[in-house]
Structures are given as structure tokens and as C-alpha cells.
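Observations on the model geometry
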Amino acid sequence: MATELEKLVDQGKQAFAAKKYDQATASFKDAATAYEAKNDALHAAEMKNNLSVALLQTGKPQAAYEAAIDTDKVFAKTGDVKRQAMAIGNQAAALEALKKYDQALEAYERSAEHFREVDESEMRSMVLQSAAAIKLRRGKFMDSAFSMIGSVDATKKPNLMQKILRRLLRIIS
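All of the points below concern the structure found in this document. (Residues numbered from 1 in each chain as written. Predicted model: local features only at pLDDT ≥ 70, side-chain atom pairs only at ≥ 80, totals over all residues. Heavy atoms only, no water.)

1. Digging into the overall build of the protein chain
For clarity, the cut-off: A run of H or I in DSSP counts as a helix once it spans at least four residues, and a run of E counts as a strand once it spans at least two, with each numbered from the N terminus. Burial here depends on accessible area, computed with a 1.4 Å probe over protein chains only, as a share of the maximum for the residue type. Under 20% is buried, over 50% is exposed, and the range in between is partly exposed. What makes two residues a contact is simply this: any of their non-hydrogen atoms within 4.5 Å.
Check the secondary structure of the protein chain and you find ten helices and zero strands. When the elements of the protein chain are put in sequence order from the N terminus, they spell out α-α-α-α-α-α-α-α-α-α. With 173 residues in all, the protein chain has 40% of them scored as buried. A sequence separation of at least 24 residues applies to 48% of the contacts in the protein chain between residues at least 6 apart.

2. Some details on helix 6 (residues 81–97)
Spelled out, the test is: Each helix should span, by expectation, one fewer than its residue count multiplied by 1.5 Å.
The terminal C-alpha atoms of helix 6 lie 24 Å apart, and with 17 residues this matches the ideal 24 Å at 1.5 Å per residue to within 8%. Counting buried positions over the 17 residues of helix 6 gives twelve, a clear majority of the element. When we look at burial in helix 6, the residues that qualify are V81, Q84, A85, A87, I88, G89, N90, Q91, A92, A94, L95 and E96. Those residues of helix 6 hidden inside the fold are in contact with helix 3 (41–57), helix 4 (61–68), helix 5 (71–78), helix 7 (101–117) and helix 8 (121–137).

3. A few points about the environment of A24
Checked against the element boundaries, A24 lands in helix 2 (residues 21–37). Residues within four places of A24 in sequence aside, it is in contact with G12, A15, F16 and A54.

4. A few points about the layout of surface pockets
Our working rule: Here a cavity means grid points, on a 1 Å grid over the protein atoms only, where a 1.4 Å probe fits yet cannot get out; a pocket means an open set of points with protein on both sides within 12 Å along at least five of seven lines; lining residues are those with an atom within 4 Å of a point. Grid points are joined across faces, edges and corners, and a volume is the space filled by probe spheres set on the points. Ten residue types, Ala, Val, Leu, Ile, Met, Phe, Trp, Tyr, Cys and Pro, are classed as nonpolar, four, Asp, Glu, Lys and Arg, as charged, and the remainder, Gly among them, as polar.
Estimates place the volume of the largest pocket at around 480 Å³. Forming the walls of the largest pocket are 20 residues, and the residues nearest its centre are N49, V53, M86, N90 and M123. Counting residues per element, the ones that place at least two in the lining of the largest pocket are helix 1 (4–17), helix 3, helix 6, helix 7 and helix 8. Of the residues in the lining of the largest pocket, the class split is twelve nonpolar, five polar and three charged.

Everything listed here is a matter of coordinates, which is why it stays silent on function.
Dropping the structure here:
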């Protein structure tokens, strides 16, 4: 039988899946607070990352960043490199939404490195694409092309569009 806290987490996940981001935000925030009260830093960090993603969806990047800040350190202490990388990626997305592009780029690259460590090629590819988009937006076309090549190369099973993109990017670089 699920506990009240587990039900709260499930409600947040269901609300997020239904694109009811305000509801998801409330559920994840309450769950994070409850886990903190139980001195369960790991689950609290997970809920704060969920909260961060939901807050980004509601157009609140500063609150999203504040929710995710330092959660990567909680995961690092437990040796959970995948969730550490995800937390850094969430921070990067919030920083990007705040138009703090240098910080976002650095965070995306750190996230990608951690994803590489745990052989999470699809997640690594996504954060590398985000990094490339920042470089492109800032007019760094060659850096962007190399980042895009890296993101496509990080994908173990590229789809047809990724294969075409890889060829085009190699031609222009």
C-alpha cells in the first residue's frame, strides 16, 4: 500500500504527464518538503529536480534554478552519476532560460561529461544539442557545428535525420 508521500509523488508525476504544471509544481514542492522533514536528502533532491522541470514549464526559470541548485552534490555524494548529470542539466536549462548563456553552456558540458561516464548516450546527445544551440545563438557557427557533430556521434542508434545531419555537419566543418 502506497504511503501518503508516495501518493503525492505519483500525483505530481501524473499532473506533469497531463501538462498540469501548476499542480505538478505544488505536488513536487510538498514532496520535497516532506522528504526533507524525514532527513531523506536523496529523495528530496529528486523531487527538487522534478520541481525544477515543472517550474520551467510554467515560465519560472529563476525558481527552477533555485529548486535544482546543489541537488547535483547530493547525487554526487551517493555516487549516482546519472542523476547528478540530470541535475546539472536541469540547472543548465534554467540558466539558459535566464539568458545566462556562459553558465548554461558550462553546465551543459559538465552534464554531458557525466552522461558519458555512465554511457547514457541519448541523454548526452540531448545536452550537447542544447549546448550547440547556445553556441549557434551566439554566432559561434564552427563551435556549434562541432558540438552538433559530437551530439550526433553520442547517439548509439542515430535516426535518419541524425545521419543526414552528421554528413552535412562534417561537410561544412
